Amino acid sequence: MFKIPKRKTEKKRLGILQKKPEKLIDKNNVRLDGRKLDELRSVKIGVGILANADGSAYIEQGKNKILAAVYGPKEVHPRHLALPDRTVLRCRYHMAPFSVQERKSPAPSRREIELSKVIREAIEPSIFVEYYPRTSIDVFIEVLQADGGTRCAGITVASLALADAGIPMRDLVAACAAGKVDGHLVLDLNDLEDKGGEADLPLALMSNLNAITLLQMDGDLTVNEFEQVLNLAVKGCKEIYTVQKDALKAKYVAVKEAVEEE
Amino acid sequence: MSTYFEKRQLVVPGDLLAEGKYRAGDNTYKDDEKIYATRIGMVSLEDQTIHVVALKAFYVPSVGDTVIGRIVEVGISAWIVDISAPYPALLRASDVLDRPFNPRKDELPAIFDVNDLIIAKLVAYDRTRDPLLTVREPGLGKITRGQTVEVTPTKIPRVIGRKGSMISIIKEETGCQITIGQNGLILISGKTPEDERLAVMAIRKIEQESHTSGLTDRVTEMIRKEKAGV
């Protein structure tokens, strides 16, 4: 892989030149950030954190910070896009200019357009789209800080935001990526591992129904490795699912406890 | 034939509630003999039917409901009304006037203008059309005094209480006139702004703690404490 060097001032050149770390995983199978091979990054989730959207959620997974907001179901604007027998699900995945090391232009990039489509297809199976004909449900995912696996974390929060908006769903969708780094099969790759590794496999899963709604792979894996990595990702999704459920219940559980104390 | 929950347990979308010959009630769905929840709420079993009382949901129009709406647009022969639902509602001019609408003689904004609040009844609604309202019956029409509070529509039954117990207590203790819209809007009209404030406080408390028990007593206590404190 070659990189076309950009013009930079001398000062910046010295700061930005990041050497690729020699080894991403050391001899004791410990990763650069101290995690074991099958360990998820620390996940913190908050639901209903925005006042204006119908539903919202926020996630911090490792260094990722991602917001999701949902509006709907409501009338479709522009009108001609309305469907007579179902709702229209629209999704926008966007990275804030300050979310990455080098300022990212606010205009939608090809990658963001693709991820918007991919995320929409990952959450659509969980919604009962036939319940509300001639309406639209708009999902916005805003990445405030990115460190690998943002599409997965984005799907996780989008699903919670939909539940927070009171939209009937078949199941929550949890997403997690697994892959191969330095020859080892690992769970939840961060940015360095994703860029420097051999394969990355994002997966989105509706746990109760055991249904996969997103499966992508970027890199090289043998058929055997693929199956192992897939199972690893499923395991990660199930862990994230429990965090999702707790976050959703948190508000009500807290009130119940406060009341019971009185 | 088995259920997987305790009485009034908090469930989230996708939770497996029961398996076997049960019926799927509100906010649940059946897939292959299994019943799952579709919204966050409290689950209960009644008469072989599994229900989930949703803790947060938007209003889905139902024919016969009394709703409180806000005029958002004055059209040529009808008003468009916001009833806090996924669809805007329609109020025809012919419904308000006893005679057929005459564009030359009648002026719609003089009857209801943009941002006016009205109490209306839902007369028609199906998958192909937006909901239709009427103000023909007694008690319906423009709202002239009071303030409105918005709660999530699934909590309206809790605000009313068993056989109206909760709402009667609030009316008694605050001396306010209260009209409840099934779409989550509640109209409070009291003798003083202070009375109205107490009623609003009580309703907010019910909304927050609707999933707990002993609420009626706590609400009564709260209102009395507030009145004494003032």
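Before reading further, recall that the structure is shown in the block above.
Residues numbered from 1 in each chain as written. Chains lettered and ligands numbered in written order. Predicted model: local features only at pLDDT ≥ 70, side-chain atom pairs only at ≥ 80, totals over all residues. Heavy atoms only, no water.

**Q** For the packing of aromatic side chains, give the residues involved together with the corresponding values.
**A** Within the structure shown, the criterion is met by eight aromatic pairs over all chains. An angle of 80° between the planes, with centres 6.1 Å apart, marks the rings of A:Tyr131 and A:Tyr132 as edge-to-face. Taking the relative accessible area as the measure of exposure, A:Tyr131 reaches 37% and is therefore partly exposed. A centroid spacing of 5.2 Å and a plane angle of 65° characterise the contact between A:Tyr132 and B:Phe58, whose relative ring orientation is edge-to-face. Of this pair, A:Tyr132 sits in the loop between helix 2 (110–123) and strand 5 (135–145) while B:Phe58 is found in the loop between strand 8 (49–54) and strand 9 (66–74), placing the two residues in two different chains. For B:Phe58, a relative accessible area of 15% translates into the label buried. Lying across the ring of A:Phe128, A:Arg170 places its NZ or CZ 4.3 Å from the centre. The ring of B:Phe58 carries B:Arg39 above its face, with NZ or CZ at 5.2 Å from the centroid. (Phe/Tyr/Trp six-rings, centres within 6.5 Å; stacked < 30°, edge-to-face > 60°. Buried < 20%, exposed > 50% of the residue type's maximum accessible area, 1.4 Å probe, protein only. Helix = DSSP H or I, 4+ residues; strand = E, 2+ residues; numbered from the N terminus. Lys NZ or Arg CZ within 6 Å of the ring centre and 35° of its normal.)

**Q** Run through a positive patch on the surface, naming residues and quoting values.
**A** On the surface, a cluster of positive charge is contributed by B:Lys7, B:Arg8, B:Arg162 and B:Lys163. Mapped onto the elements, B:Lys7 comes out in the loop between strand 1 (2–3) and strand 2 (9–11). (Patch = residues over 30% accessible without salt bridge, like charges linked within 9 Å, V, L, I, M, F, W, Y side chains within 5 Å. Areas by Shrake-Rupley, 256 points an atom, 1.4 Å probe, with all protein chains shown as cover. Salt bridge = Lys/Arg side-chain N within 4 Å of Asp/Glu carboxyl O. Lys, Arg positive; Asp, Glu negative; His and termini not counted. Charge placed at Lys NZ, Arg CZ, Asp CG, Glu CD.)

**Q** Tell me about the environment of B:Asp195, and name the residues and values.
**A** All names here are of chain B. Assignment of secondary structure puts Asp195 in helix 5 (residues 193–208). Counting along the chain gives 20 residues from Asp195 to Gly175, while the straight-line C-alpha distance between them is 6.9 Å. When sequence neighbours within four positions are dropped, the list of residues in contact with Asp195 reads Thr174 and Cys176. (Contact = heavy atoms within 4.5 Å.)

**Q** Kindly report on the sheet that holds strand 2 (residues 55–61) of chain A, identifying the contributing residues and their values.
**A** Neighbouring strands of a sheet are bound in pairs by backbone hydrogen bonds; such pairs are parallel or else antiparallel. Residue and element names in this part refer to chain A. Read from one edge of the open sheet, five strands run 1-2-3-5-4, paired in mixed fashion. Pairing within the sheet leaves two strands with one partner each, and these edge strands are strand 1 (43–47) and strand 4 (88–95). Along the sheet, successive strands turn relative to each other by an average axial angle of 15°, direction set aside. The sheet contact formed by strand 4 and strand 5 spans eight bridges and is parallel. If you follow Val88 over to strand 5, its bridge partner there is Ser136. (Pairing = 2+ DSSP bridges. Axes fitted to C-alpha atoms, helices over the stretch in contact; angles between N-to-C directions.)

**Q** Tell me about the side chain of B:Thr174, and please be specific about residues and values.
**A** Residue and element names in this part refer to chain B. Examined against the element boundaries, Thr174 turns out to sit in helix 4 (residues 165–174). At 2.7 Å, the side chain of Thr174 and the backbone oxygen of Ile170 are in polar contact. Discounting residues that sit within four places of it in the chain, Thr174 has contacts with Asp195, Leu198, Ala199 and Ile223. (Polar contact = N/O pair within 3.5 Å; in protein donor to acceptor, adjacent residues only side chain to side chain.)

**Q** Help me get a handle on the pairing of strand 7 (residues 184–187) of chain A, residues and values and all.
**A** Sheet faces and side chains relate simply in a regular strand, where the side chains alternate between the two faces. Residues and elements named next belong to chain A. As judged from the four bridges shared by strand 6 (residues 173–181) and strand 7, these two strands associate in the antiparallel manner. Paired with Gly179 across the two strands is Val186, which belongs to strand 7. The antiparallel hairpin formed by strand 6 and strand 7 contains two residues in its connecting segment, where Asp182 sits at a positive phi of about 50°.

**Q** Hey, could you go over the pattern of salt bridges for me, with residue numbers and the actual values?
**A** Once the charged atoms of two side chains with opposite charge are near each other, the side chains can pair. Across all of its chains, the model carries 35 salt bridges over all chains by this definition. Between A:Arg41 and A:Asp147 there is a salt bridge, with its nearest N and O atoms 3.9 Å apart. Placement of A:Arg41 in the loop between helix 1 (10–16) and strand 1 and of A:Asp147 in the loop between strand 5 and helix 3 (150–164) is noted, with a sequence separation of 106 residues between them. For the pair shown, A:Arg41 and A:Asp147 are each scored as buried. The partner of B:Asp15 in a salt bridge is A:Lys245, and the shortest N-O contact between them spans 3.0 Å.

**Q** An account of the sheet that holds strand 3 (residues 16–19) of chain B is needed here, citing residue identities and associated values.
**A** Residues and elements named next belong to chain B. Pairing is antiparallel in the open sheet, where four strands are placed in the order 1-3-6-5. Both edges of this open sheet fall to strand 1 and strand 5 (28–31), since each of them pairs with a single strand only. Judged from the two bridges that link them, strand 1 and strand 3 form a sheet pairing that is antiparallel. Bridged to Ser2 within strand 3 is Glu19.

**Q** Residue-level account of the nonpolar core, with values.
**A** Side chains of a nonpolar character, in soluble globular proteins, are inclined to be buried together. In this structure, A:Val139, A:Ile141, A:Ile155 and A:Leu162 are the most contacted members of the largest nonpolar core, which totals 70 residues. A per-element tally of this core places helix 5 (residues 223–261) of chain A first, with 11 residues. Once residues lying within four places of it in the same chain are set aside, the contact partners of A:Ile141 are A:Ile66, A:Leu67, A:Ala68, A:Cys91, A:Arg92, A:Tyr93, A:His94, A:Ile119, A:Gly154 and A:Ala158. In terms of nonpolar packing, the next biggest core, distinct from the first, is built from 24 residues, B:Ala85, B:Ala89, B:Phe112 and B:Ile118 among them. (Core = buried A, V, L, I, M, F, W, Y, C linked by side-chain atoms within 4.5 Å.)

**Q** Which residues make up the interface of chain A and chain B, and what values do they have?
**A** Facing 34 residues of chain A, the contacting portion of chain B comprises 31 residues. Between chain A and chain B the total buried area reaches about 2800 Å² when both faces are included, carbon and sulfur atoms providing 57% of it. Three residues stand out in chain A for area buried against chain B, namely A:Arg134, A:Tyr252 and A:Val259, and they jointly supply 22% of the buried area on that side. Our count for the chain A to chain B interface comes out at three salt bridges. For the pair chain A and chain B, the number of links is 15 residue pairs in polar contact (both at pLDDT 80 or more). Residue assignment for the side of chain A that touches chain B shows that the elements contributing at least two residues are strand 3 (64–75), helix 3 and helix 5 of chain A. Counting residues per element, the side of chain A that touches chain B draws most heavily on helix 5 of chain A, which supplies nine residues. Grouping the constituent residues of the side of chain A that touches chain B by class yields 18 nonpolar, three polar and 13 charged. (Buried area = accessible area lost by both parts, 1.4 Å probe. Nonpolar A, V, L, I, M, F, W, Y, C, P; charged D, E, K, R; others polar.)

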